[in-house]
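# Fold and geometry: a report
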Number of protein chains: 2
Amino acid sequence: MTDLLRDDILGGVFPPGERLIELQLTERYGVGRAAIRAALVELDAEGLVQREANRGATVRRITVAEAVEITQARAALEGLIARLAAERASDGDRKALRALVDEMAAAVAGEDTMAYSKLNRRLHRSLCTIARHRVADEMVANLRNRAAHHQFRLALVPGRAGESLGQHRAIVEAVVAGDGPAAEAAMRDHLASVIEVLRHWEAFD
Amino acid sequence: MTDLLRDDILGGVFPPGERLIELQLTERYGVGRAAIRAALVELDAEGLVQREANRGATVRRITVAEAVEITQARAALEGLIARLAAERASDGDRKALRALVDEMAAAVAGEDTMAYSKLNRRLHRSLCTIARHRVADEMVANLRNRAAHHQFRLALVPGRAGESLGQHRAIVEAVVAGDGPAAEAAMRDHLASVIEVLRHWEAFD
DNA sequence: GTGGACAATAGTGTTGACGATCTGCCCCGT
DNA sequence: ACGGGGCAGATCGTCAACACTATTGTCCAC
């Protein structure tokens, strides 16, 4: 149940700020109110929804300032992940990572931002898997979810994919080379540039 | 409700592995099962309890390997926090931090491990407050809770407090000097040494 | 003595109803 | 016209009862 609701929130079915009324959700998903409540409590703990006593739950609105914080935390954790990935990647992993970057380059060349965005996510997730660090992996996945909307906007910035591609290539090269510290630095650089763009928006909304 | 149960788990009322039976908890806290269930769902999301379908909840057991992972994640996030704290500390903050280190030194001199452990926690929490980074703050607090038992064991290692004191002093000095990178490095060193001790245990249990 | 079916038990999962609380609106007095 | 009190609707929080599942212990055949 929780997964369904989470996917619908992330998929934009329930936009930020939308009220999540238990009774309505019971109809939509065909389950009892107890199940809905449990899901809401869980998603509240995840930071995806906000619950106020006797006032119900809403889809959490993430301000740009908060997205910056989230990305900073991601930089710290994904830096660790990149370092570990560099230390622990198998030959198969290396090959797969290189193939992914090539695909990304193709997406940039074809100006297919949608495909690039998907590959982007896949690369970050691959690194999480390779690093075999459950705790950081879970936390990063959560952080990514929380900032999902802003991340989406980011992909639409013209020229962004090209810039991002170079950074991703740097990360993968360091991981493939087995250079932990370099991988960590590259990952931090990458997310610092994401923060740069976010900060640029902060002035507007 | 959730807070009560969490405190009892952290306080050792319910040791790791203990079954948390809903009906018993309703008696203990004098609330309905619904409230207990909500609390269990929340603590499950926090990683403090484990729930299996139709089999109930237990206090989560944290292996030493997991404690290492948790501490690694803390190193990454508290590194960020230390850096921000160095950049954002006010004069009052600096004074308070120095006073805290002095108190810690006194506790070490007086071989009062209990007091030292408390001051230790207070120092880390102070840095979290000074850094004004909600996202990282929350995550670190959660990570600390999850590894609380191991953290407690750590304090009892003979000579540990002395070693730890020097590291804490280095952190505070960097923060007071406003040197972000140095603060981050010092914090990472500190937690790396914690990991060292944990790894040493890993062989035994 | 051992393995398998079966009943008893403990505990969770679900449902429906009821009371508490908040929100928006209308009415009324000024 | 305007502001405060109170009413009604909507929604959450809680509770008790029932249904379901997993586990444990027992009995019997072999």
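None of the values given here were measured: they were computed from a predicted structure.

Rules used throughout
- Residues numbered from 1 in each chain as written.
- Chains lettered and ligands numbered in written order.
- Predicted model: local features only at pLDDT ≥ 70, side-chain atom pairs only at ≥ 80, totals over all residues.
- Contact = placed C-beta atoms within 7 Å.
- Helix = DSSP H or I, 4+ residues; strand = E, 2+ residues; numbered from the N terminus.
- Nonpolar A, V, L, I, M, F, W, Y, C, P; charged D, E, K, R; others polar.
- Pairing = 2+ DSSP bridges.
- Axes fitted to C-alpha atoms, helices over the stretch in contact; angles between N-to-C directions.
- pLDDT = per-residue confidence, 0-100.
- Near = placed C-beta within 6 Å.
- Least-squares fit on C-alpha atoms with pLDDT ≥ 70 in both.
- Expected span 1.5 Å × (residues − 1).
- Core = buried A, V, L, I, M, F, W, Y, C linked by C-beta atoms within 7 Å.
- Buried ≥ 20, exposed ≤ 12 C-beta atoms within 10 Å, placed from the backbone.

Our next topic: the interface of chain A and chain B. Counting from both sides, the interface comprises 18 residues of chain A and, opposite them, 18 residues of chain B. Those elements giving two or more residues to the side of chain A that touches chain B turn out to be α3 (33-46), α4 (64-88) and α7 (134-146) of chain A. The biggest single contributor to the side of chain A that touches chain B is α4 of chain A, with eight residues. Of the residues that constitute the side of chain A that touches chain B, the class distribution is eleven nonpolar, three polar and four charged.

Let us now look at the sheet that holds strand β1 (residues 19-20) of chain B. Residue and element names in this part refer to chain B. On the basis of which strands lie adjacent, the open sheet formed by three strands has the order β1-β3-β2 and antiparallel pairing. The sheet is open, and its two borders are formed by β1 and β2 (49-52), each paired with just one other strand. By the bridge criterion, four bridges tie β2 to strand β3 (residues 56-59) in an arrangement that is antiparallel. Note that in β3 the partner of Glu52 across the bridge is Gly56. The strands touched by helix α3 (residues 33-46) within the sheet are β1, β2 and β3, with β2 carrying the most contacts at an inclination of about 110°.

Residue and element names in this part refer to chain A. One open sheet accounts for three strands, arranged β1-β3-β2; its pairing is antiparallel. Since the sheet does not close on itself, it has two edges, and those belong to β1 (19-20) and β2 (49-52), each with one partner. Of the pairings in the sheet, the one linking β1 to strand β3 (residues 56-59) comprises two bridges and is antiparallel in character. Counted as the bridge partner of Leu20 is Ala57 from β3.

The next thing to look at is the confidence of the model for chain A. Detailed reading of the predicted model is not advised wherever pLDDT is low. Mean pLDDT over chain A stands at 93; residues scoring 70 or higher make up 99%. Element-level pLDDT for chain A is lowest in helix α8 (residues 148-155) of chain A, with a mean of 89, against a maximum mean of 97 in α4 of chain A.

This paragraph deals with the protein's contact with DNA strand D. Looking at DNA strand D, there are 13 residues lining it, with Glu22 and Gly56 of chain A together with Gly32, Ala34 and Asn54 of chain B nearest. Broken down by secondary-structure element, the contributors of at least two residues to the surface near DNA strand D are α2 (22-29) and β3 of chain A together with α3 of chain B.

Further remarks concern the environment of Gln72 of chain B. Mapped onto the fold, Gln72 of chain B is located in helix α4 (residues 64-88). It is 19 Å that separates the C-alpha atoms of Gln72 of chain B and Arg134 of chain B, two residues lying 62 residues apart in sequence. Setting aside anything within four residues of it in sequence, one finds Gln72 of chain B in contact with Leu80 of chain A together with Ile195 of chain B.

Taken as rigid bodies, chain A and chain B are interconverted by a rotation of 180° and an axial shift of 0.0 Å, the fit giving an RMSD of 0.0 Å. What the rotation and shift describe, once combined, is the action of a two-fold rotation axis. Closest approach to the rotation axis among the C-alpha atoms of chain A is made by Ala76 of chain A, whose C-alpha sits 2.6 Å away. Most of the interface of chain A is mirrored in chain B, where 100% of its interface residues are also at the interface.

Compared with an ideal rise of 1.5 Å per residue, which puts 14 residues at 20 Å, α3 of chain A spans 20 Å between its outermost C-alpha atoms and is within 8% of the ideal. Summarising the contacts, the buried residues of α3 of chain A are in contact with α1 (2-10), β1, α2, β2 and β3 of chain A together with α3 of chain B. Note on α3 of chain A: the residue one or two positions beyond its end, Gly47 of chain A, has a positive phi of about 90°.

Once that is clear, we can look at the nonpolar core. The biggest cluster of nonpolar side chains holds 72 residues, and the ones touching the most others in it are Leu77, Ile81 and Ala85 of chain A together with Leu77, Ile81 and Ala85 of chain B. Those residues in contact with Leu77 of chain A that lie beyond four places of it in its chain are Ala136, Met139 and Val140 of chain A together with Ala73, Ala76 and Leu77 of chain B. Leu20 and Leu43 of chain A together with Leu25 and Leu40 of chain B belong to the second-largest nonpolar core, a separate cluster that totals 30 residues.

Taken together, the neighbourhood of DNA strand C is formed by 13 residues, with Gly32, Ala34 and Asn54 of chain A together with Glu22 and Gly56 of chain B sitting nearest. Elements represented by at least two residues in the surface near DNA strand C include exactly α3 of chain A together with α2 (22-29) and β3 of chain B. Looking at the surface near DNA strand C residue by residue, the class counts come to seven nonpolar, four polar and two charged.

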